[in-house]
Amino acid sequence: MSDIRVRFAPSPTGHIHVGNVRTALFNYLFARNKNGVFVLRIEDTDLERSTGESEKLIYDDLRWLGLNWDEGEGIGGGYGPYTQTARADTYRKAAEQLLANGDAYYCFCSEDELEAAREAALKSGNPPLYNGKCHNLPLSDALKRIENGEKPSLRFKALRQDVIVNDIIHGSITFPTDSFGDFIIVRPNGVPIYNFAVVVDDALMNITHVIRGDDHLSNTPKQALIFQALGYAPPVFAHIPMILGPDRSKLSKRHGNTSVEQFRSDGYLPEALVNYLALLSWSSPDEEEIFSVKELTERFSLDRVSKSAAVFDFDKLKWMNGLYIRKRDISEITALAVPYLAKAGYIDPDRADFDMARLTSIIASLRDSLNIISDITRAAEVYFNPPQTLDEESRDILTLPTTKVVLEGFQAELNNAASEYLTPDEYKAAMKSIQKSTGTKGKPLYMAVRVGVTRRTKGPELDQFIPLMPVGILKERLEKVLKEA
RNA sequence: GUCCCGUUCGUCUAGCUCGGCCUAGGACAUCGGCCUUUCACGCCGACAACAGGGGUUCAAAUCCCCUACGGGACGCCA
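Residues numbered from 1 in each chain as written. Chains lettered and ligands numbered in written order. Predicted model: local features only at pLDDT ≥ 70, side-chain atom pairs only at ≥ 80, totals over all residues. Heavy atoms only, no water.

Trainee: I tried to follow the protein's contact with RNA strand B on my own but got confused; where do I start?
Mentor: Inspection of the region around RNA strand B gives 61 residues, with Thr45, Gly125, Arg187, Ser281 and Glu289 positioned closest. Those atoms of RNA strand B that come within 4 Å of the protein belong to sugar or phosphate at a rate of 71%. Taking serine 11, its side chain carries an N or O atom lying 3.5 Å from a sugar or linking oxygen of RNA strand B. At 3.4 Å, a backbone N or O of proline 128 approaches a phosphate oxygen of RNA strand B. Only helix H4 (111-123), strand S6 (171-175), strand S11 (310-311), helix H11 (314-327) and helix H19 (443-454) provide two or more residues apiece to the surface near RNA strand B. Here the residues of the surface near RNA strand B are counted per class, giving 22 nonpolar, 16 polar and 23 charged. (Near = heavy atom within 4 Å. Polar contact = N/O pair within 3.5 Å; in protein donor to acceptor, adjacent residues only side chain to side chain. Helix = DSSP H or I, 4+ residues; strand = E, 2+ residues; numbered from the N terminus. Nonpolar A, V, L, I, M, F, W, Y, C, P; charged D, E, K, R; others polar.)

Trainee: Would you mind showing me how to read the layout of surface pockets here?
Mentor: Gaps left between atoms are located by rolling a probe of water-molecule size over the structure's atoms. What the largest pocket holds in volume is close to 1,200 Å³. Residue lining of the largest pocket: 38 residues in total, with Pro10, Ser11, Asn20, Asp215 and His216 positioned closest to the centre. Contributing elements (two or more residues each) for the lining of the largest pocket: strand S1 (5-8), helix H1 (18-33), helix H6 (194-204) and strand S8 (209-213). When residues in the lining of the largest pocket are grouped by element, the largest group, 5 residues, is from H1. By residue class, the composition of the lining of the largest pocket is 13 nonpolar, 14 polar and 11 charged. For the lining of the largest pocket, the two domains that each supply at least three residues are domain 1 (5-84 + 243-311) and domain 2 (87-240). Considering only enclosed or pocket space, the second largest pocket measures out at about 640 Å³ in volume. Broken down by secondary-structure element, the contributors of at least two residues to the lining of the second largest pocket are H4, strand S4 (153-156) and strand S7 (183-186). Ranked by residues supplied to the lining of the second largest pocket, first place goes to H4 with 5 residues. A class-by-class count of the residues in the lining of the second largest pocket yields 14 nonpolar, 5 polar and 8 charged. (1 Å grid on protein atoms, 1.4 Å probe; cavity = no way out; pocket = protein on both sides within 12 Å on 5 of 7 lines; lining within 4 Å. Points joined across faces, edges and corners; volume = space filled by probe spheres on them. Domains from an automatic or database assignment.)

Here it is, written out as structure tokens:
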């Protein structure tokens, strides 16, 4: 292990979003590439929105994707606890230090008061910064008011100086003196604010590289100031571009399917999602794009991360998912397909006579046409739920004089079938024999049988399809079709 | 409003650090063809971009400046 330490720090407010997954992925790839440590920290200081269940969802999502972490809740490591609400003492100590050094002060302004000031500033065209009302309040006065039962927040004294942030991806960025005013670091109830808690945690957990979305870029000077005041050297920052929806705004639920859970239940494969996400704002030096996680970790580096935001392209993800479906074993795809087929009522895996071998061969004939596993329901319809009426083209073909002869020939062949299913060889032999006795061949023959049996439903190769159908059902369908014709 | 970041085909991107190899390469999507007794898969091909304007230079997608547009932040959210 090297000294490199990175972290992924989600707040537990639901399933992970693809934007966050990409951040987690880059952290993971960077850590693995550098032989470093990947820390998972839960940032649950927003008491209203954070839940314990969400925490579990995050663990599940990350594990499904294969983004395993080296340190975190339930795994351990020398820097715990890894959940912010369990670190109250740590933050309190850091806050006391800042207070003692004169880097922070108590602020008694009410939320309403601040909100009004903000609105007024915005209205008059000024930056909505804190007006510094409590900035010079003597500590002795403040303590007296606290004794009297007032609950102040703790505010950090933003220095009047340019703050320079060095970022691997963006280079050196200078924030002028007045980009922000004094800001709150601890709420009246003692719970720390994000900008304060991250700094304390990143410093104490020895995080060397902070890789996160560039929506945090403008928070960074504040954090840099806190690192300084606390006496820690800041980590290396890498602000990666955001992921946008097709309308170029920050990707969110209203763009549709964006939570990991959604992708999983729609039948996406984790390796496809990971591969696709890796290609958003990162590219491999060799310009290839299909990579396993192992290949990604070998190639990943932060200096090939681009600066501009990327639009999430569902079509390309689907294409890539199809690619990975075709790479997987039939047995695996079959297992993944079972829940969808069961839900559609096509199969019942709990029944004693459930024929897994037959299902596997059906899936084998269908796999190439799938982009996501849930496509299987529609693709397999022809086997389990054939349409009850003929379309126009089928009807036309059925009225051809040769068709009836061909179908009758095929039925005769079926009557000779020895077992429940035809073998592919038996099927071919049957076709040949019809060809011989009727003088039909090529397309008309094929079409006649196809119309008779599958009724023009999109489906797999006929010589795969027919043998998979029980002979009894084939006959039944043929009779019906002959009657209609 | 103020500050910060960004801008190459419809989309993801290569190229930009170290200007000429760029009549700008690849991928998805789209369209066309081949394969196939259907669909799909696969293969081949076509369409399609350096935001705009000024510089610097023999030469600029690449360096500098301005403008426009997009995004983010300015919260007792993270």
